[in-house]
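# A closer look at the structure
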Amino acid sequence: MTAHIPLHTSPDCQFESLWLECKNLIARGTGRDAYEIPGHPDKVLKVSNRQSNFSNWMEILVYEQFKDRDELATIFSWSWSGRFVVMERLSPLSPGDLRSYTFPYYLTDRKLENYGKDASGKIKALDYAALVIDTPQDYFG
């Protein structure tokens, strides 16, 4: 059975229907849970487990700003409230995989579990809600 993935900014109720089909929890974080999506082995559903959807919205904003750099797991869709995000599923890394990796300058949370490999073997960030915010002097020097 292949689950239907709602378009971005669809109502939460459409993503809740998808969530009901997602039986396998992959990871539990402090602000979100990630689930396998039936019939979509290349995607995960991230669900905010707090009242605030801050982490999901940060990832959406970061992705929209930096998606052309191909350093971030792709976001395919998100719910209107930001509670739900459908993202590219990456394979876990081994400890040595990050030795020669150059981290994106704008990401601050550089733990091994926040990165993975896509289908082609490219390392990408899969959790990118924590980032550097430049100060005005960086712009006006």
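A brief report on the enclosed structure follows. (Residues numbered from 1 in each chain as written. Predicted model: local features only at pLDDT ≥ 70, side-chain atom pairs only at ≥ 80, totals over all residues. Heavy atoms only, no water.)

## Brief notes about the state of the cysteines
Our working definition: Our working definition of a disulfide is a cysteine sulfur pair at a distance within 2.5 Å.
Taken as a whole, this structure holds zero disulfides when the rule is applied. Between Cys13, a cysteine without a disulfide, and Cys22, which holds the nearest cysteine sulfur, the sulfur-to-sulfur distance is 15 Å.

## Things to note about helix H1 (residues 12–21)
Basically, it comes down to this: The cut-offs for exposure are 20% and 50% of the maximum accessible area for each residue type, with area from a 1.4 Å probe on protein chains only; residues under the lower value are buried, those over the upper are exposed, and the others partly exposed. Secondary structure elements follow DSSP: runs of H or I no shorter than four residues count as helices, runs of E no shorter than two count as strands, and numbering proceeds from the N terminus. Each C-beta atom gives one direction from the helix axis, and the arc is the one those directions make. By definition, residues are in contact when any of their heavy atoms lie within 4.5 Å.
Those residues of H1 that fall on the buried side of the exposure criterion are Asp12, Phe15 and Leu18. Projected down its long axis, H1 shows its buried positions confined to an angular sector of 115 degrees, all on one face. Its buried side turned inward, H1 meets strand S2 (32–37), strand S3 (40–48), strand S4 (75–78) and strand S5 (84–88).

## A look at the sheet that holds S5
Defined as follows: Pairing between two strands is assigned when DSSP locates at least 2 bridges connecting them. A fitted line through C-alpha atoms represents every axis, and for helices the fit uses only the stretch in contact; the resulting angles, taken between N-to-C directions, go from 0 to 180 degrees.
Spatially, five strands are ordered S1-S2-S3-S5-S4 in an open sheet, and the strand pairing comes out antiparallel. Single-partner strands in this sheet number two, and they are strand S1 (25–28) and S4. Shown here is a sheet whose adjacent strand axes are inclined to one another by a mean of 20 degrees, direction ignored. The sheet contact formed by S2 and S3 spans six bridges and is antiparallel. When the sheet's bridge partners are listed, Ile37 is paired in S3 with His40. Sheet strands in contact with H1 are S2, S3, S4 and S5, and its direction is about 60 degrees off that of S5. Those strands touched by helix H2 (residues 54–66) are S2, S3, S4 and S5, and its axis lies near 135 degrees from that of S4.

## Concerning the packing of aromatic side chains
Each aromatic ring pair is summarised here by two numbers: the centre-to-centre distance and the angle between the ring planes. How we decide: For this analysis, a ring pair means two rings from Phe, Tyr or Trp (six-membered ring only for Trp) whose centres lie within 6.5 Å, classed as stacked if their planes differ by under 30 degrees, edge-to-face if by over 60, and tilted for the remaining angles. Sitting over a ring, as applied to charges here, requires NZ of Lys or CZ of Arg to be within 6 Å of the ring centre and within 35 degrees of the ring normal.
Applying the stated criterion across every chain, the model contains nine aromatic pairs. Aromatic side chains Phe15 and Phe84 sit 5.9 Å apart centroid to centroid with 15 degrees between the ring planes, which places their arrangement in the stacked category. Residue Phe15 is found in helix H1, and its partner Phe84 is found in strand S5; the two are separated by 69 residues along the sequence. Phe15 sits in the buried class, given a relative accessible area of 0%. The interplanar angle of 85 degrees and the centroid separation of 5.2 Å between the aromatic rings of Tyr105 and Tyr106 together place this pair among those described as edge-to-face. Directly above the aromatic system of Phe76 lies the positively charged group of Lys43, at a separation of 4.5 Å from the ring centroid.

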